[in-house]
Amino acid sequence: MNRRSCLTSLAALTTGSGCIGRALNQSSANKMNKSISVSDVERRPPSEPENLDADEKPAGIEFTVDIVSESITPETTARIALEYENASNDARTLNVNPDQPGPISSVTESPGLVLLSDAQDLSRQSSACWKPERDTFGRVRVGYQHSISPGDVETLKYDVWAAPQQDADCIEPGTYQFEPLYGSFTLTVRE
């Protein structure tokens, strides 16, 4: 009788620990799943308009931000698109390179986010986190002169990554302010 009770208890303990282990793994996987939202999208004048010529501060440009993919998981990160529309009757010239959009960092850096395009050759610090191995990204000092015809839209797509120099290992939930060329917006990360 003792042997049977012992075997029954051992079987229950083994089965139970498997369930507990699966529950713990699911719980930690859910903490890695996050989503983003975008708000407070505004057209922003250049920070020093008095130092710019007419081509660097074009009138008639509409700025919008669209979410392409809102989910952040171990397999994929969120993706957004910055759109510059020429709402004027004349061609406008923007200082953007649509083929190789430069990185855009959040105003705060720790915790912080960085928006990176496919033009960046990136690898992650770990397979469970969207934080780049590289600490910095070169800022192009060349002024691009990209023309947009009336009614046309130029779209720059970016993936959401953790700021490489922040103390946290991964993308942290929170609210992040961005100020790309001619615009500003808030990106919120939620678990």
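Residues numbered from 1 in each chain as written. Predicted model: local features only at pLDDT ≥ 70, side-chain atom pairs only at ≥ 80, totals over all residues. Heavy atoms only, no water.

Draft legend 1. Broad picture of the packing of aromatic side chains. Counted according to the given criterion, the structure contains four aromatic pairs. Ring centres of Trp 130 and Trp 161 lie 5.2 Å apart, and the angle between their planes is 85 degrees; this geometry places the pair in the edge-to-face category. Taken together, the positions of Trp 130 in strand β9 (residues 129-132) and Trp 161 in strand β11 (residues 153-162) put the pair 31 residues apart, joining distant regions of the chain. For the pair shown, Trp 130 and Trp 161 are each scored as buried. With a centroid separation of 5.2 Å and 10 degrees between ring planes, the pair formed by Phe 178 and Phe 185 is classed as stacked. Here Phe 178 and Phe 185 have matching classes, each one buried. Between Arg 124 and the ring centre of Trp 130, over which it is positioned, the NZ or CZ distance is 3.8 Å. (Phe/Tyr/Trp six-rings, centres within 6.5 Å; stacked < 30°, edge-to-face > 60°. Helix = DSSP H or I, 4+ residues; strand = E, 2+ residues; numbered from the N terminus. Buried < 20%, exposed > 50% of the residue type's maximum accessible area, 1.4 Å probe, protein only. Lys NZ or Arg CZ within 6 Å of the ring centre and 35° of its normal.)

Draft legend 2. Up close: the pairing of strand β13 (residues 183-190). With seven of eight residues buried, β13 lies mostly within the body of the structure. For strand β1 (residues 34-43) and β13, the ladder comprises seven bridges, and the chain directions are antiparallel. Bridge pairing links Ile 36 to Val 189 in β13. Between strand β12 (residues 174-178) and the antiparallel strand that follows it, β13, lie four residues; Tyr 182 among them carries a positive phi value of about 65 degrees. (Pairing = 2+ DSSP bridges.)

Draft legend 3. Spatial organisation of the sheet that holds strand β6 (residues 104-105). If you walk across this open sheet you meet the five strands as β2-β4-β11-β7-β6, and the pairing is antiparallel. Two strands in the sheet have a free side with no partner beyond their single neighbour: β2 (61-69) and β6. Relative to strand β4 (residues 79-86), β2 runs antiparallel, the two sharing eight bridges. Paired with Glu 62 across the two strands is Glu 85, which belongs to β4.

Draft legend 4. Representation of the sheet that holds β13 within the structure. Ordered by their spatial adjacency, four strands build an open sheet running β3-β1-β13-β12, and the pairing between neighbours is antiparallel. The two strands at the open ends of the sheet, each matched to only one other strand, are β3 (71-72) and β12. Pairing between β1 and β3: two bridges, direction antiparallel. From the neighbouring strand, Ser 35 faces β3, where its bridge partner is Ser 71.

Geometric descriptors of this kind do not, in isolation, establish any biological role.
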